[in-house]
Amino acid sequence: IDINIIPTGEQTTNFIGKVILLRNITPFKELDMAKTNFIGTVSHEFKTPISSIEMSVRLLKNERIGKLNEEQKELIIGIEEDTSRLLKITGELLNMTQVESGSIQINQSLDEIRPMLEYAVHANKSAAEQKQILINIDIQDGISSVIMDSEKTAWVLTNLLSNAIRYSHENSSIKIDVHRKNDKILFSISDTGQGIQTEYLDKIFERYFRIPGTKKDGTGLGLSISKEFIEAQGGEIWVESDFGAGSTFYFTLNLPRENYL
Ligand code: ADP
C-alpha cells in the first residue's frame, strides 16, 4: 500500500487537517513480477541456442571443419563477437531477474581459486586477443582455496575482466591479483584503460547505470549483479580509479579456517 499524507491549509496559521490517500499497489507489483518472470524465461530460452551457435562458430573459426579464406575468417570473427555479446546480455538479464525476485541462491563451499581464474580468462580469450591485451595472474603463495559460490564468483570475475578489456586500449595489459588481507582474501583486477571519474565510483554499481558518454555496448547491469553476488557471500566490492590512467576493481571473500589452507 502506498500512503501519501498531504497537509491541507497553511500549517502555521489556519491548519485544518490532513488528507490521507491510500492506493493499493498490489496489481502493479504483480505486473512487475510477471514482467520479471517473462524476461527470465525468455533469456533462459535464448541461452541454449546461442551457446550452441557459439560452439559451432568456434569450430569453424579454429578451422576444425575446413580451411577458411580471409574473407570467411573475418565474417566468422564478426559472428563470434556478436554471439558472445548476446550471451553476455542474456546472462545479465537472467541474473538480474534472480536478483529482482529475491531468489539468488548461494552455494558456498571450499573451492580452488586458480581454475576459476583460468575459466574467466578463457571466457574472455577472444576479446583479449582481438585487442592484443595481455592478462597476467598473480596468486600469493600459500593461497589455493577460498570459501565461495564458485559459479557466481566466476561470473563476477568474467564480468570484471570483460569490462577491463572493453574499457582498455589496444596493446595494454590487465593484472588479476589474489592475496590475503587480514581475515579475507582480496581479489583485484587492474587495467590501464580509460579510468573512471571520482563522481561515478559508487554510481557504477547501481542497476542500469552507465557513465554518460560510454560508447561500448552494454546494459549497465554487470556491476550491480556483481555487487549482489559478492555481498550475498559476505564479501565487499569496490573500485579505485585514476581517470585517464586506469581502474582497479576489488572484491573480498572469506578466508577458510587455518587448517584448510
Ligand atoms: P556495462 O559495461 O554493460 O555498461 P557495467 O555495470 O558492467 O555495465 O558497468 C557500468 C559502467 O561502469 C560502464 O558503462 C562503464 O561506464 C563503467 N565501467 C565499468 N568497468 C569499467 C572499467 N574497467 N573502466 C572504465 N569504466 C568502467
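Throughout, residues of each chain are indexed from 1 in the direction in which the sequence is written. Per-residue local features of the predicted model are confined to residues with pLDDT of at least 70, and side-chain atom pairs are confined, for both listing and counting, to 80 or more; whole-chain, interface and lining totals are unaffected and use all residues. As a rule here, side-chain values cover all heavy atoms of the structure and leave hydrogens and water aside.

Visitor: How would you summarise the site of the ligand if you had to cite specific residues and measurements?
Guide: Nearness is judged by heavy atoms alone; a residue qualifies as near a molecule or strand once a single heavy atom is within 4 Å of it. The ligand sits among 21 residues. The nearest are Asn 163, Tyr 167, Arg 210, Thr 214 and Leu 223. With respect to the ligand, the side chain of Asp 191 contributes an N or O atom lying 3.0 Å from a nitrogen atom. What qualifies as a polar contact is a pair of N or O atoms within 3.5 Å, subject to a donor-acceptor requirement within protein and to the restriction that residues adjacent in sequence count only when both atoms come from side chains. One of the side-chain N or O atoms of Arg 210 is found 2.5 Å from an oxygen atom in the ligand. Mapped onto the shell around the ligand, the elements with two or more residues apiece are α5 (150–166), α6 (222–231) and β9 (246–254). Counting from the N terminus, the helices are DSSP H or I runs at least four residues long and the strands are E runs at least two residues long. For the shell around the ligand, the element with the most residues is α5, which contributes three residues.

Visitor: Describe the environment of Leu 59, with residues and values.
Guide: Relative to the helices and strands, Leu 59 is located in helix α1 (residues 26–61). Type-normalised accessible area, obtained with a 1.4 Å probe on protein chains alone, sets the label of each residue: buried when under 20%, exposed when over 50%, and partly exposed for intermediate values. According to the relative accessible area criterion, Leu 59 is partly exposed, its value standing at 38%. Apart from residues no more than four positions distant in its own chain, Leu 59 is found in contact with Arg 64 and Ile 65. Here, two residues are considered to be in contact whenever any of their heavy atoms come within 4.5 Å of each other.

Visitor: Lay out the environment of Glu 170 with the relevant residues and their values.
Guide: Within the element layout of this structure, Glu 170 appears in the loop between α5 and β6 (173–181). C-alpha of Glu 170 to C-alpha of Val 156: the two residues are 14 residues apart in sequence and 23 Å apart in space.

Visitor: Summarise unusual backbone geometry; cite the residues concerned and give the values.
Guide: A positive phi angle is found at Asn 182, which is not glycine, with a value near 50°. Secondary-structure assignment places Asn 182 in the loop between β6 and β7 (184–190). Here Asn 182 falls in the exposed class, since its relative accessible area comes to 66%. Positive phi outside glycine occurs at Tyr 208, with the angle close to 70°. Locating Tyr 208 in the fold gives a position in the loop between β7 and α6.

Visitor: I'd like a description of the pattern of salt bridges, backed by residues and values.
Guide: A side chain of one charge can pair with a side chain of the opposite charge if their charged atoms are brought near each other. Salt bridges are counted wherever a side-chain nitrogen of Lys or Arg sits within 4 Å of a carboxyl oxygen of Asp or Glu. Taken as a whole, this structure holds 16 salt bridges when the rule is applied. Arg 58 serves as the salt-bridge partner of Glu 80, at 3.6 Å between the closest nitrogen and oxygen. With Glu 80 in helix α2 (residues 70–100) and Arg 58 in helix α1, the pair connects residues that are 22 residues apart, well separated along the chain. Notably, a salt bridge pairs Glu 80 with Lys 61, separated by 3.1 Å at the nearest N-O pair. In this pair, Glu 80 sits in helix α2 while Lys 61 sits in helix α1, placing the two residues 19 residues apart along the sequence. The class of Glu 80 is buried, set by a relative accessible area of 6%.

Visitor: Can you explain the pairing of β9? Please cite residues and give values.
Guide: Among the nine residues of β9, eight are classified as buried, and the element is accordingly described as predominantly covered. When DSSP finds at least two bridges between two strands, those strands are taken to pair. Strand direction decides the pairing type here: strand β8 (residues 237–242) and β9, joined by six bridges, are antiparallel. Within β9, the residue paired with Ile 237 across the bridge is Phe 251. Where β8 hands over to β9, the hairpin turn is made up of three residues, of which Gly 244 adopts a positive phi near 90°.

Visitor: So what's going on with the packing of aromatic side chains? Residues and values would help.
Guide: For any two aromatic rings, the description comes down to two numbers: the centre-to-centre distance and the angle of the planes. We call Phe, Tyr and Trp rings a pair once their centres come within 6.5 Å, taking the six-membered ring for Trp, and we label the pair stacked below 30 degrees between planes, edge-to-face above 60, and tilted otherwise. Under the defined criterion, the tally for this structure stands at five aromatic pairs. Judged by centre distance (6.3 Å) and plane angle (65°), the rings of Phe 205 and Phe 249 are edge-to-face. Here the residue Phe 205 occupies a position in the loop between β7 and α6, and Phe 249 occupies one in strand β9, the gap between them amounting to 44 residues. Overall, Phe 205 belongs to the buried group, its relative accessible area being 9%. On the accessibility criterion, Phe 249 (8% relative accessible area) is buried. For the pair Trp 238 and Tyr 250, a centre-to-centre distance of 5.2 Å together with 15° between the ring planes defines the contact as stacked. You can see Trp 238 sitting in strand β8 and its partner Tyr 250 sitting in strand β9, a full twelve residues away along the chain. The class for Trp 238 is partly exposed, based on a relative accessible area of 30%. A ring is considered to have a charge above it if a Lys NZ or an Arg CZ atom is located within 6 Å of its centre and within 35 degrees of its normal. We note Lys 152 situated over the ring of Phe 229; from NZ or CZ to the ring centre the distance is 5.4 Å.

Visitor: Quick one: what's the story with the environment of Asp 149, residue by residue and with numbers?
Guide: Along the chain, Asp 149 falls in the loop between β5 (145–148) and α5. A residue is classified by how much of its surface remains accessible, and Asp 149, at 4% relative accessible area, is buried. For the pair Asp 149 and Asp 111, spaced 38 residues apart in sequence, the C-alpha to C-alpha distance is 8.2 Å. Sequence-distant contacts of Asp 149, that is, excluding residues within four places in its chain, are made with Gln 105, Ile 106, Asn 107, Gln 108 and Gln 233. Looking at Asp 149, its side chain comes within polar contact range of the main-chain nitrogen of Asn 107, at 2.9 Å. A polar contact is formed between the side chain of Asp 149 and the backbone nitrogen of Lys 152, at a distance of 3.1 Å.

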